[in-house]
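Chains, contacts and geometry: an overview
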Amino acid sequence: MGYSFPEEVLEHVLSFIDSDSDRNSVSLVCKSWHDIERWCRRRLFVGNCYAVSPAIAIRRFPELRSVSLKGKPHFADFNLVPHEWGGYAYPWIAAFAKAYPWLEELRLKRMVVSDEALELIAKKFKNFRVLVMYSCEGFSTDGLATIAANCRNLKELDLSESEVDDVSGNWLSQFPDSYTSLESLNITSLSSEIRFSALERLVGRCPNLKTLKLSHSVPLDLLPNLLQKAPQLVELGSGLHTKEVHPDLYSKLAGAFSGCKGLKRLCGLQDVVPSYLPTLYPICVGLTSLNLSDAPIQCPELIKLVSQCQNLQRLWVLDYIEDTGLNALAESCKDLRELRVFPSDPFGQEPNVSLTEQGLVSVSAGCPKLHSVLYFCRRMSNVALSTIARNRPNLTHFRLCIIERFRPDYITLEPLDVGFGAIVEHCKDLKRLSLSGLLTDRVFEYIGSHGKKLEMLSLAFAGDSDLGLHHVLSGCKSLRKLEIRDCPFGDKALLANAAKLETMRSLWMSACQVSYRACKLLGQKMPRLNVEVIAEQGHPDSSPDEYPVEKLYIYRTVSGPRSDMPSFVWTMDKNSALSSS
Amino acid sequence: MENKVIYEKDLNLEATELRLGLPGTKKPEKQAPPSLKTSNKRPLPDMNEESGSGNNSSVSDDGKSHRETAPAPKAQVVGWPPVRSYRKSCFQPKKTEAEEGRTYLKVSMDGAPYLRKIDLKVYNGYPELLKALEEMFKFSVGQYSEREGYNGSEYAPTYEDKDGDWMLVGDVPWNMFISSCKRLRIMKGSEARGLGCFL
């Protein structure tokens with residue numbers, strides 16, 4: 001039977017289909033569609049760089065232009081993953097250098113990127129345009145210098161939250177004078193002094209520059225010049241530190257901000273002097289995103305600022321905003337979609353600000369479009385959580401961190417099971433959930449029965465027994481990522497739900513009760529999983545089999561055990577149950 | 001007199017102990033894998049109350065049995081609360097002040113029932129600071145030497161720096177000290193004398 005219409009037509013139709021899941025569906029229709037689709041796929045997202053090898057990816061998709069890769073597990077953000085664990089970008093980049101000379105975009109998250117890898121990018125991809133390294137490490141400003149010197153068509157360079165070996169700020173001068181294509185630059189994580197004159201010239205000659213996020217080392221008096229050269233900016237990140245308040249600096253800055261009529265997103269403001277904040281007032285009404293999580297602004301000034309941002313959709317702020325500030329937010333910012341409140345003093349033992357669960361309740365009541373919440377606080381109650389759930393059934397992301405562990409409902413002193421139960425029950429589209437406070441197995445029963453759309457769950461210091469884990473693994477149909485620390489979950493639940501693990505991207509368990517024996521068994525029985533045991537204290541064989549492993553990372557893969565493990569990581573495979581060395 | 005203070009602290013153990021979990025119940029032992037130390041192991045029971053490690057300190061590195069007595073804030077657990085490490089550098093002492101120029105820091109002394117706050121900017125150097133501390137807490141700090149720390153005293157003034165490490169006061173230049181010091185603690189007794197082996 002022949003085709004109903006030519007391949008070229010199908011290919012043309014497919015070029016309008018961007019979403020990965022749609023493309024995956026297309027490729028399952030029949031062999032010829034699979035073949036056509038793979039030849040015209042241009043973007044690839046690999047959520048776990050060890051789930052598939054570069055060779056397999058290249059073999060299936062010969063014509064990629066854009067690749068996203070993620071390396072370390074999320075808990076690496078909190079120092080739970082040992083330093084040399086893995087996530088190396090070089091093998092991927094080296095393979096791409098041979099297979100995709102026309103590669104344009106690389107987006108890497110939590111990966112180790114060496115200067116050699118950066119050099120490959122700079123020299124091998126003639127039309128390279130976008131380099132995003134989010135929370136990466138392993139490279140220095142020398143690597144950046146090579147990128148700057150060689151990537152003629154670079155549009156975007158984003159180093160958000162990456163750890164860069166900051167050798168010198170001169171790398172910025174490596175962009176040749178003929179280079180004008182910069183559209184987005186994020187160098188907030190760099191600390192060394194950059195040559196400000198080089199930055200100014202760069203900004204001045206790139207007319208399409210839309211995003212400029214600088215490190216806090218850029219002094220305030222140089223900012224107006226920069227802004228005047230880039231009035232077309234849409235996103236700005238800058239510290240606003242200065243030693244004293246100058247009247248004419250103030251008016252220069254106010255003028256420069258007013259000139260940026262298209263500014264929609266603002267972040268940074270580290271070390272800002274409160275008296276300079278009014279320079280921002282004229283642009284507040286245009287702002288859709290405000291990230292003040294690095295800014296030590298106190299409540300009164302925060303209220304003044306936020307009350308003017310009537311079109312704000314996203315706010316990230318420190319808990320200096322307090323309940324009163326959140327009340328003001330709830331009244332002024334009716335378009336708010338995402339709120340993150342970070343702790344200003346996370347390791348302090350008493351509250352230093354008056355921020356409680358009430359602030360979140362207010363915002364949940366006043367902001368009908370709020371769907372994404374990350375909230376650090378020091379007390380919570382079941383009734384508050386239930387109220388939030390009823391107010392905002394449209395929540396898709398709910399991450400609550402009660403700073404002190406095992407904190408019960410502060411009113412009833414009960415566990416917070418019922419409150420979180422209300423969240424999963426009412427918020428039927430909830431995709432991401434992080435729990436905290438005093439929690440028993442009961443909360444997991446609720447999550448298992450209601451959390452049908454839940455994709456990512458983070459647990460810490462919660463639960464009583466294996467039953468808790470069993471509820472989650474057996475009930476949460478859409479679960480992709482589960483990360484657990486310090487919970488009394490052990491072998492039974494894990495082994496009973498082994499098959500579930502193949503339907504998920506990954507499972508992390510640290511300081512739990514999973515025995516070495518269970519890990520070996522799992523590794524033996526599930527060849528399509530990598531069961532990695534992390535044991536920094538010594539080979540797990542040196543303790544009895546029933547002892548719990550320190551850390552466990554299980555992920556599905558089509559590439560088998562990885563070959564780049566450090567000395568303290570072992571993959572349990574079909575031989576491990578037999579060997580006892 | 002100091003003995004009396006400790007004795008009283010002992011009596012008030014239950015009442016003043018900060019607890020996690022429901023009152024009137026035992027501290028919840030949520031997990032007890034062999035690798036974790038329980039807080040029953042306390043080499044210096046009367047010293048530990050002040051450091052506040054009276055509750056479970058389920059730290060991930062179990063190799064150091066003296067973790068219980070380490071001068072860490074209560075519940076100093078790796079990776080908790082879950083804040084990105086780069087954020088820690090934002091938390092400088094001066095952020096707690098609305099006005100510029102003041103650097104109020106908490107000062108605790110082992111055995112004292114409450115903390116004090118001082119403004120570091122008021123002092124011109126270590127001698128002034130140490131004298132002020134001596135007067136505030138009624139103790140004597142002894143003679144500082146680079147090699148041996150503070151000699152001739154039961155006490156050692158220590159401070160927590162930006163990275164969360166506890167350092168002996170006096171080792172670095174004054175300006176470096178005031179910009180990196182987050183809080184002060186006057187350590188006492190064998191902890192103080194043994195400081196050299198911690199560093």
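Just so you know, these numbers come straight off a predicted model, no measurement behind them.

Observations concerning the overall build of chain A
Of regular secondary structure, chain A possesses 21 helices and 23 strands. Along the longest, intermediate and shortest principal axes, the C-alpha atoms of chain A span 75 × 65 × 55 Å. Per-residue burial over chain A gives 58% buried out of 581 residues. Once local pairs closer than 6 in sequence are excluded, the contacts in chain A between residues at least 24 apart make up 72%. Charge centroids of chain A, computed over 66 positive and 67 negative side chains, lie 6 Å from each other.

Side note on the state of the cysteines
As used in these notes, a disulfide is a covalent bond between sulfur atoms, one from each of two cysteines. Residue and element names in this part refer to chain A. Evaluation of the coordinates by the stated rule reveals 0 disulfides over all chains. Free of any disulfide, C284 has its nearest neighbouring cysteine sulfur in C309, separated by 3.7 Å. On the basis of relative accessibility, which here comes to 1%, the residue C284 falls in the buried class.

Things to note about the sheet that holds strand β2 (residues 116-119) of chain B
Residues and elements named next belong to chain B. Taken in spatial order, the 5 strands of this open sheet run β2-β1-β7-β5-β6, and their pairing is mixed. Of all strands in the sheet, those bounded by a partner on one side alone are β2 and β6 (166-168). Direction aside, neighbouring strands of the sheet carry axes that sit 30 degrees apart on average. Sheet analysis places strand β1 (residues 104-109) next to strand β7 (residues 183-188), joined by 4 bridges and oriented parallel. Within the sheet, the bridge partner assigned to S108 lies in β7 and is R185. Here helix α5 (residues 126-137) sits on the sheet and contacts β1, β2, β5 (155-160) and β7; the angle it forms with β2, its principal contact strand, is near 155 degrees.

Quick notes on the pattern of salt bridges
Within the structure shown, the criterion is met by 30 salt bridges over all chains. A salt bridge links E350 of chain A to K106 of chain B; the shortest N-O distance between them is 3.3 Å. In this pair, E350 of chain A sits in the loop between β14 (338-342) and α14 (357-366) while K106 of chain B sits in strand β1, so the two residues belong to two different chains. Here K131 of chain B makes a salt bridge to E135 of chain B, at a shortest N to O gap of 3.4 Å.

Some remarks on the nonpolar core
Core analysis: the biggest nonpolar cluster contains 197 residues, and W171, F398, L482 and L494 of chain A have the highest contact counts within it. Aside from chain neighbours lying at most four places away, what touches L482 of chain A is L457, L459, L469, V472, L473, M504, S506, L507 and W508 of chain A.

Focus: unusual backbone geometry
Glycine aside, residues mostly have negative phi angles, and peptide bonds mostly take the trans form. For the peptide bond that leads from W80 of chain B to P81 of chain B, omega is -5 degrees, which places it in the cis range. With respect to the secondary-structure elements, P81 of chain B resides in the loop between α3 (45-51) and α4 (85-88). A positive phi angle, near 65 degrees, is found at N79 of chain A, a position not held by glycine. Here N79 of chain A is to be found in the loop between β2 (66-70) and α5 (90-99). Owing to a relative accessible area of 45%, N79 of chain A belongs among the partly exposed residues under this scheme. Even without glycine at this site, L269 of chain A takes up a positive phi of about 55 degrees. Tracing the backbone through its elements, the reader meets L269 of chain A in the loop between β11 (265-268) and α11 (281-284). Look at L269 of chain A and you get buried, because its relative accessible area is 2%.

Calculation rules
- Residues numbered from 1 in each chain as written.
- Chains lettered and ligands numbered in written order.
- Predicted model: local features only at pLDDT ≥ 70, side-chain atom pairs only at ≥ 80, totals over all residues.
- Heavy atoms only, no water.
- Helix = DSSP H or I, 4+ residues; strand = E, 2+ residues; numbered from the N terminus.
- Buried < 20%, exposed > 50% of the residue type's maximum accessible area, 1.4 Å probe, protein only.
- Contact = heavy atoms within 4.5 Å.
- Lys, Arg positive; Asp, Glu negative; His and termini not counted.
- Charge placed at Lys NZ, Arg CZ, Asp CG, Glu CD.
- Disulfide = S-S within 2.5 Å.
- Pairing = 2+ DSSP bridges.
- Axes fitted to C-alpha atoms, helices over the stretch in contact; angles between N-to-C directions.
- Salt bridge = Lys/Arg side-chain N within 4 Å of Asp/Glu carboxyl O.
- Core = buried A, V, L, I, M, F, W, Y, C linked by side-chain atoms within 4.5 Å.

None of this, on its own, says anything about what the molecule does.
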